[in-house]
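# Notes for the structure review
Here is how the chains run, residue by residue.
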Protein chains: 2
Amino acid sequence: MKMLSIRSVGLSLSLQKGLPLGSGLGSSAASAAAAAVAVNEMFGKRLSVEDLVVASLKSEEKVSGYHADNVAPSIMGGFVLIQSYEPLQLIELKFPAEKELYFVLVSPEFEAPTKKMRAALPSEIGMAHHVWNCSQAGALVAAVLKGDVVGLGKALSSDKIVEPRRAPLIPGIEAVKKAALQAGAFGCTISGAGPTAVAVIDDESTGHAIAQHMIQAFLSHGNLKASAKVLQLDRLGVRRILD
Amino acid sequence: MKMLSIRSVGLSLSLQKGLPLGSGLGSSAASAAAAAVAVNEMFGKRLSVEDLVVASLKSEEKVSGYHADNVAPSIMGGFVLIQSYEPLQLIELKFPAEKELYFVLVSPEFEAPTKKMRAALPSEIGMAHHVWNCSQAGALVAAVLKGDVVGLGKALSSDKIVEPRRAPLIPGIEAVKKAALQAGAFGCTISGAGPTAVAVIDDESTGHAIAQHMIQAFLSHGNLKASAKVLQLDRLGVRRILD
């Protein structure tokens, strides 16, 4: 509201959250984005997309740290690359309209606190791993822009820095990844800080089959119950759905 | 020739090298690529593009280490992302045909041995710098595929890991970069292991003006004489030019 030059009017927002908390799906960012857009809609819609990202960043900072990884795509839809923060430079990576992309999201009943998952990250990275992950980041960007779902999955699956440190903290996740790939997923990794596992595929029904294999693997290898969703890439981001 | 199943026939190649040695322009790779393609042309042209990269890699390995950074684009033209070596996975990044891209290459009379330049690299990288350079790598790939020369220059100019370690070993290079940017270049960095400075621009005549400023900066800040070339992006790679 400060950005809209509006003094507090005692605004109260009611949020219907469709995402589980602490799942690694960026639910705090989705809420921040929804609130920013709702307030903007109410008070004259004067903020630009970039303003909305900045506003959401402020809320996100309080619960999850100052990072736009989740708020930027929540606002803008699709894939967004954050090139820098000072100044904020966002690059929209358009996935081709004619291509299909589905995410298989399997969330186990297991708490993976973001703090603990962050602490698992190394502070220093060897040059070889740095070069490797940079290559995968580049390959991921190329795959998104080309609409190459196979390449996207492969790059997503090839992290040598973050995933190997976090996987041991989520019971069964390595077996889940293996099960997803064997069932035909193009790639699989940990979503955000976990514990949700995310696999990618280009059609919905295969996605549901993959989900069943992943749920089974969480149960037999991690002794964890899990639930799945198969969701299509959202290309629009946050929007007003009721008038 | 082994790949072509040809036993040695005492082949002798004569190379007309159009690039200076030890300049950071990948001249050893260009020679390796030329030799591989020449031999393939002579003996039935049976090797695929990927085979030719593998053959060139073997030669390059002997003089510069096992890396495809220079041989892959020498063979394939344009921009090439190396996703992995085992197996060799190359991603062609097509710069749009309708866009123009020029490189301003300014080589000072100064020897920057590749070995010394490599030794200047850190073996460990902090997480913040790793994330930063990954973002720039992604931004670079996006800029190439979109034909966004401004974004390409910006990403090229934003290295926080390699350039800051090598720049102090090349007298005047920081002033050269500054001069290039002030003269209108979209970006500037060290080419390969140096000492050549490379700037990017989208038209040739501005390129020549930028070159003059860079040469002047090498002289006044590094006390080095330098020569410049303004070259257009080659999209074809190595090819037979005489029948």
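Quantities reported herein were computed from a predicted structural model and do not represent experimental measurements.

### A closer look at the sheet that holds strand β6 (residues 197-201) of chain B
All names here are of chain B. The four strands are arranged β5-β6-β3-β7 in an open sheet whose pairing can be described as antiparallel. At either margin of the open sheet sits one strand with a lone partner, and together these are β5 (187-190) and β7 (226-232). Along the sheet, successive strands turn relative to each other by an average axial angle of 20°, direction set aside. Bridge analysis of strand β3 (residues 102-108) against β6 gives five bridges, and the strand direction is antiparallel. Paired with F103 across the two strands is V200, which belongs to β6. Of the strands in this sheet, β5 and β6 touch helix α6 (residues 149-156), which is tilted by about 155° from β6. Strand contacts of helix α8 (residues 173-182): β5 and β6, with the helix running at about 160° to β5, the strand carrying the most contacts.

### Quick notes on the domain arrangement of chain A
All names here are of chain A. For chain A, the assigned domains read domain 1 (27-93) and domain 2 (102-232). Taking the mean C-alpha position of each, domain 1 and domain 2 sit 24 Å from one another. In this assembly, four residues from domain 1 lie in contact with six residues from domain 2. Both faces combined, the contact of domain 1 with domain 2 buries some 460 Å², and carbon together with sulfur accounts for 79% of it. Its largest share of buried area at the contact with domain 2, domain 1 owes to S64, F79 and L93, together 87% of the area lost on that side. Between domain 1 and domain 2 we count zero salt bridges in total.

The rules behind these values
- Residues numbered from 1 in each chain as written.
- Chains lettered and ligands numbered in written order.
- Predicted model: local features only at pLDDT ≥ 70, side-chain atom pairs only at ≥ 80, totals over all residues.
- Heavy atoms only, no water.
- Pairing = 2+ DSSP bridges.
- Helix = DSSP H or I, 4+ residues; strand = E, 2+ residues; numbered from the N terminus.
- Axes fitted to C-alpha atoms, helices over the stretch in contact; angles between N-to-C directions.
- Contact = heavy atoms within 4.5 Å.
- Domains from an automatic or database assignment.
- Buried area = accessible area lost by both parts, 1.4 Å probe.
- Salt bridge = Lys/Arg side-chain N within 4 Å of Asp/Glu carboxyl O.

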